[in-house]
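# Report on the structure
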Amino acid sequence: MAWLCSRVAFQTCRRTFSRNAIRFSSKDEFPDPLDHATGLEKRELLAAAAGNFDPYHMKAIEISRDSTKDTPNLVPSAFKSRIVGCICEPDSAHVNWMWLHDGQPRRCECGHWFKLTQVAPL
């Protein structure tokens, strides 16, 4: 008799399933992803629309070979400090990592100088 009660309970919980296809007319389009984005995703999409495809300054920068303490390579950051990796030789597989702090130029082991510059956050 218990199997009958469970069978009745499952029969009353059934949902209907429709197999009709959705039809789009020529004027119906999918919504723009920018309309549905929020938070950081929306800021990233707006920056990309404005032409800034590196809003967090994560891409590698080309360093000048004649950098000195007075004319260091400038590294953008929205924070007071940032970790930077220097590939000293063009064919090297080793990366020298170092912390840069605001207002203090730092010299790599290979002789290149780096300095942090403040940029507005995204």
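Residues numbered from 1 in each chain as written. Predicted model: local features only at pLDDT ≥ 70, side-chain atom pairs only at ≥ 80, totals over all residues. Heavy atoms only, no water.

An unreviewed UniProt entry lists the protein chain under the name Cytochrome c oxidase subunit 5B, mitochondrial-like, with Ceratina calcarata as the source organism.

### Re a nonpolar patch on the surface
Together, Leu40, Tyr56, Met58 and Leu122 give the surface a local cluster of nonpolar side chains, amounting to about 400 Å² of exposed area. With respect to the helices and strands, the residue Tyr56 is situated in the loop between α3 (39-49) and β1 (73-77). (Patch = residues over 30% accessible without salt bridge, like charges linked within 9 Å, V, L, I, M, F, W, Y side chains within 5 Å. Areas by Shrake-Rupley, 256 points an atom, 1.4 Å probe, with all protein chains shown as cover. Salt bridge = Lys/Arg side-chain N within 4 Å of Asp/Glu carboxyl O. Helix = DSSP H or I, 4+ residues; strand = E, 2+ residues; numbered from the N terminus.)

### Some thoughts on the pairing of β1
With 4 of its 5 residues buried, β1 lies for the most part within the structure. Pairing of β1 with strand β5 (residues 113-118) involves 5 bridges; the strand directions are parallel. Across the sheet, residue Pro76 finds its bridge partner in β5, namely Thr117. (Buried < 20%, exposed > 50% of the residue type's maximum accessible area, 1.4 Å probe, protein only. Pairing = 2+ DSSP bridges.)

### Some words on the environment of Leu116
Structurally, the position occupied by Leu116 is in strand β5. Leu116 sits in the buried class, given a relative accessible area of 3%. The sequence separation of Leu116 and Ala78 amounts to 38 residues, and the corresponding C-alpha distance is 9.5 Å. With near-sequence residues (within four places) excluded, Leu116 lies in contact with Val75, Ser77, Phe79, Lys80, Ser81, Arg82, Leu100, His101 and Asp102. (Contact = heavy atoms within 4.5 Å.)

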